[in-house]
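Coordinate analysis (summary)
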Amino acid sequence: GVRSQETHAYDLDSVFAMLRRLDEPDRTLVATAAFTGLRKGELKGLQWEDYSGVTLTVNHSMWRGFLGEPKSDASRAVVPVIPMLRGILDEHRIHSGNPASGFVFRGTRLGHPINPDNLAHDRIQPALNRCLVCGKAQGKPHVGHVYQRDPKLPSWHGWHAFRRGLATNLHAMGINDMIIQKIMRHTDVAITQKCYIKTLPSAVGAAMAKFDDLVCSKSAEVVQ
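Residues numbered from 1 in each chain as written. Predicted model: local features only at pLDDT ≥ 70, side-chain atom pairs only at ≥ 80, totals over all residues. Heavy atoms only, no water.

1. Quick look at the packing of helix H7 (residues 160-172) against helix H8 (residues 177-184)
What counts, and what does not: Lines fitted to C-alpha atoms define the axes here, with helix axes fitted over just the stretch in contact, and angles between the N-to-C directions of these axes take values from 0 to 180 degrees. By the criteria applied, helices consist of DSSP H or I runs no shorter than four residues and strands consist of E runs no shorter than two, each listed in order from the N terminus. Geometric relationships in this document are graded by angle, where less than 35 degrees denotes roughly parallel, more than 145 denotes roughly antiparallel, 65 to 115 denotes roughly perpendicular, and other angles denote oblique. In this scheme the crossing of two helices becomes right-handed for a clockwise turn of the near helix relative to the far one and left-handed for an anticlockwise turn of less than a right angle. By definition in these notes, contact holds between two residues if any of their heavy atoms fall within 4.5 Å.
For the pair H7 and H8, the least separation of the axes is 10 Å and the interaxial angle reads 155 degrees. Relative to H8, the element H7 lies roughly antiparallel. Like other packed secondary-structure pairs, H7 and H8 cross with a definite hand, here right-handed. For the pair H7 and H8, the contacting residues are Arg163, Leu166, Ala167, Leu170 and His171 in the first and Asp177, Ile180, Ile183 and Met184 in the second.

2. Things to note about the nonpolar core
What counts is decided by this rule: Each nonpolar core is a collection of buried residues, namely Ala, Val, Leu, Ile, Met, Phe, Trp, Tyr and Cys, held together in the definition by side-chain atoms within 4.5 Å. Type-normalised accessible area, obtained with a 1.4 Å probe on protein chains alone, sets the label of each residue: buried when under 20%, exposed when over 50%, and partly exposed for intermediate values.
Membership of the largest hydrophobic core comes to 53 residues, with the highest contact counts inside it found for Phe35, Trp156, Trp159, Phe162, Ile183 and Phe211. Sorting elements by how many residues they give to this core places helix H3 (residues 26-36) first, with six residues. Aside from chain neighbours lying at most four places away, what touches phenylalanine 35 is Leu12, Val15, Phe16, Leu19, Ile82, Met84, Leu85, Leu166, Met208, Phe211 and Val215.

3. Focus on the side chain of aspartate 150
For the record, the criterion: In the analysis that follows, any N or O atom pair within 3.5 Å is treated as a polar contact, provided that within protein one partner can donate a hydrogen and the other can accept it, and provided that, for residues neighboring in sequence, both atoms belong to side chains.
The residue aspartate 150 is located in the loop between helix H6 (116-128) and H7 in this model. According to the relative accessible area criterion, aspartate 150 is buried, its value standing at 13%. Within the local environment of aspartate 150, its side chain forms a polar contact with the backbone nitrogen of lysine 152, the two atoms lying 3.0 Å apart.

As structure tokens, this is what we get:
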């Protein structure tokens, strides 16, 4: 329900379970949301000009079909891209025709970005809501039995749960909350910037490197 979406945080097991089930470009969109903490509007507004190959710079946010400024000055910032996500984004770029500009996640209409909510409704949720008995999606004919959702598959709790999940996963790893505020680009980071500006850049890099180690270990479990 709505309350669940407001409070849920995806753990890494759920993220990787989704990545195993999804096709492109859904898989890349979910990976980007999970490993950067970008907001839904920032994902929509993301352009190839914002990607250096090492970082993403949040320059835009889409809101109700309009490309505008990020949520706040703190939101307009450089986001580290862990090596695993770089590989996923680079592969997505090649499959997209190796564009130098334009939206990273293109919609069906020329020059328009993808609609994450429509994508979640039309493709992600059907991929996750599978029958335990026959494996078919919910809503499909289930001959000889009643649909029963496979509880081993992760449940969908909305896009913001990826952002909440990144902060939760970093906190669980013992990363200082002030560093997490910097990574999440929250507006209340002003005091953090004032007091810790000389140490934050290296600390942020170290935190994301530690996060990448955890992501890679989970990834290795998936492919075994």
